[in-house]
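Chain by chain, the residues run as shown.
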Amino acid sequence: MSTTGGTDDPSLAIRAVWFLLVGWWATGIWLGVAWFLNVTIVGLPLGIKMINATPKVLSLKERDFVDKTGSPGQQQYGLLVRGVYFVFVGWWASGVWMSIAYAFTLSIVGIPIAVVMYNKLPFVVSLYEY
């Protein structure tokens, strides 16, 4: 599969059928398990991987990854800052964020907003930007 999120994705028709039959309900379960893993701390690495795969579960679309680590002016937060943020804010903020994104998913017309929110979810959890 492509990491740029385009050429290897299934057709729009297949993705629409997937969403209608599986994606809408599987995403809710997927996000619930991912959030639970995140709050267990031990499960955090798997929970983050699951969060990153959310667009694929929702609509069979690969997540768009952009390498910002070498971009001029782009600075990632250090591990200590991200850890403190997660303990005090990230764990609960991500739960709220996921719930709102999932509500947009179920509204059908809100799906584009939900996809943007799912793509921002890693930042909400741990201040990590792709």
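What comes next concerns the included structure.

Analysis parameters
Within each chain, residues carry numbers counting from 1 in the order of the written sequence. Residue-level local features of this predicted model are given only where pLDDT is at least 70; pairs of side-chain atoms are given and counted only at 80 or more, and the full residue set underlies all totals for whole chains, interfaces and linings. The basis for the side-chain values is all heavy atoms of the structure; hydrogens and waters are excluded. Only residues above 30% relative accessible area that lack a salt bridge enter a patch, with like-charged residues linked at up to 9 Å and the nonpolar side chains Val, Leu, Ile, Met, Phe, Trp and Tyr linked at up to 5 Å. Calculation of accessible area relied on Shrake-Rupley with a 1.4 Å probe; when residues are assessed, cover is drawn exclusively from the protein chains displayed. Salt bridges are defined as contacts in which a side-chain nitrogen from Lys or Arg sits within 4 Å of a carboxyl oxygen from Asp or Glu. Numbering goes from the N terminus for both helices and strands, where a helix is a DSSP run of H or I of at least four residues and a strand is a run of E of at least two. Only protein chains enter the accessibility calculation, which uses a 1.4 Å probe; a residue is then buried when its area is under 20% of its type maximum, exposed when over 50%, and partly exposed in between. Here a polar contact is taken to be a pair of N or O atoms separated by no more than 3.5 Å, where protein atoms must pair a possible hydrogen donor with a possible acceptor and residues adjacent in sequence count only if both atoms sit in side chains. Pairs of residues are marked as contacts when any of their non-hydrogen atoms sit within 4.5 Å. Nonpolar cores are built from buried Ala, Val, Leu, Ile, Met, Phe, Trp, Tyr and Cys residues. Side-chain atoms within 4.5 Å join them into one set.

**Here's the deal with a nonpolar patch on the surface**
A surface patch of nonpolar side chains, amounting to about 710 Å² of accessible area, comprises Phe36, Val39, Trp91, Trp92, Val96, Ile100, Phe104 and Ile113. Here the nonpolar patch gets five residues from one element, more than from any other, and that element is helix α4 (residues 79-106). Considering the arrangement of structural elements, one finds Val39 in helix α1 (residues 12-39).

**Here's the deal with the side chain of Thr27**
Topologically, Thr27 is positioned in helix α1. Judged by relative accessible area, Thr27 falls into the buried class, the value being 0%. Here Gly23 takes part through its backbone oxygen, which lies 2.6 Å from a polar atom of the side chain of Thr27. Apart from residues no more than four positions distant in its own chain, Thr27 is found in contact with Thr54, Val57, Leu58, Tyr102 and Tyr118.

**Comments concerning helix α2 (residues 44-52)**
Among the residues of α2, those classed as buried are Gly47, Met50, Ile51 and Asn52. Buried residues in α2 make contact with α1, α3 (54-59) and α5 (111-126).

**Here we look at unusual backbone geometry**
In this structure, Ile41 takes a positive phi of about 65° despite not being glycine. Following the sequence through the fold, Ile41 ends up in the loop between α1 and α2.

**Focus: the nonpolar core**
By size, the foremost hydrophobic cluster in this structure holds 18 residues, and its most contacted members are Leu31, Ile51, Tyr118, Leu121 and Val125. Taken together, the elements giving at least two residues each to this core come down to α1, α2, α4 and α5. Sorting elements by how many residues they give to this core places α5 first, with six residues. Excluding residues that lie within four positions of it along the chain, Tyr118 makes contacts with Thr27, Leu31, Thr54, Leu58, Ala101, Tyr102 and Thr105.

The analysis is restricted to geometry; functional conclusions fall outside its scope.
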